[in-house]
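Take a look at the letters that make up each chain.
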Amino acid sequence: EAQVTQNPRYLITVTGKKLTVTCSQNMNHEYMSWYRQDPGLGLRQIYYSMNVEVTDKGDVPEGYKVSRKEKRNFPLILESPSPNQTSLYFCASSPLQGPNSPLHFGNGTRLTVT
Amino acid sequence: AQSVSQHNHHVILSEAASLELGCNYSYGGTVNLFWYVQYPGQHLQLLLKYFSGDPLVKGIKGFEAEFIKSKFSFNLRKPSVQWSDTAEYFCAVNGGYGQNFVFGPGTRLSVLP
């Protein structure tokens, strides 16, 4: 089944403790992206990647890191999480070509930083 | 830079009312346009998309959208909403291969039974 898989679905952590949220897609998509969703603020893009080893900042990259060492994986790293990073996070991917290019979203990761 | 605006932050309708959600974008070139829906507690799902051809596109669950190039608009419509359409709706734009996606801020739709 074609899908974008995020793990974990829920995560509670403490300030300063490094964490990684994984994202994997099995559709051979070139484009991958991370978003955070907060009440009243819609979807805000954190980082995106057009292909392996190519990453770019989105609207709110501060406090986050990403890597794209292989096509299928695009982990989101919080080196020193802070409470203002408590949010719902979505990973998405797209082939970026023609009619099949819509974004496919993962199920989300709800992160709480205390 | 590309941007997407959505006219309404929160829309409240009664069942069977007609729906139109506005979306305008700013982008100079060819665009691909999308509407996504997010039901409570779920991830975003594609409602419909426009790439080329007929500017009136039909999506799932009775939704449709019309691309008006001269107005840079891609409004979402449904003739008769149901309680189950209660959700958040996002308009998005992509300039094609090699281009980033840009989302609008979303419109929350509440349908009263």
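Residues numbered from 1 in each chain as written. Chains lettered and ligands numbered in written order. Predicted model: local features only at pLDDT ≥ 70, side-chain atom pairs only at ≥ 80, totals over all residues. Heavy atoms only, no water.

A. Spotlight on the interface of chain B and chain A. Tallying the contact residues gives 22 residues for chain B and 23 residues for chain A. Carbon and sulfur atoms supply 61% of the area buried between chain B and chain A, which totals about 1700 Å² over both sides. Here chain B is connected to chain A by 0 salt bridges. Counting every contact that joins chain B to chain A gives 5 residue pairs in polar contact (both at pLDDT 80 or more). (Contact = heavy atoms within 4.5 Å. Buried area = accessible area lost by both parts, 1.4 Å probe. Salt bridge = Lys/Arg side-chain N within 4 Å of Asp/Glu carboxyl O. Polar contact = N/O pair within 3.5 Å; in protein donor to acceptor, adjacent residues only side chain to side chain.)

B. Quick look at the sheet that holds strand β1 (residues 4-7) of chain A. Read across the open sheet, the 4 strands follow the order β1-β3-β8-β7 (chain A); overall the sheet is antiparallel. Lying at the two open borders of the sheet, with one neighbouring strand each, are β1 and β7 (65-66) of chain A. (Pairing = 2+ DSSP bridges. Helix = DSSP H or I, 4+ residues; strand = E, 2+ residues; numbered from the N terminus.)

C. Representation of the pattern of salt bridges in the model. Per the counting criterion, the structure on display carries 8 salt bridges over all chains. Residue A:Lys65 pairs with A:Glu79 through a salt bridge whose shortest N-O separation is 2.9 Å. Here A:Glu79 lies in the loop between β8 (76-78) and β9 (87-94) and A:Lys65 lies in strand β7, a separation of 14 residues in the sequence. By relative accessible area, which is 37% here, A:Glu79 ends up partly exposed. Here B:Lys58 ties to B:Glu64 by a salt bridge, and the two come within 2.9 Å at their closest N and O atoms. For B:Lys58, a relative accessible area of 64% corresponds to the exposed category. We classify B:Glu64 as buried; its relative accessible area is 18%. Residues joined by salt bridges that share partners form a network here, namely B:Lys58, B:Glu64, B:Glu66 and B:Arg77. (Buried < 20%, exposed > 50% of the residue type's maximum accessible area, 1.4 Å probe, protein only.)

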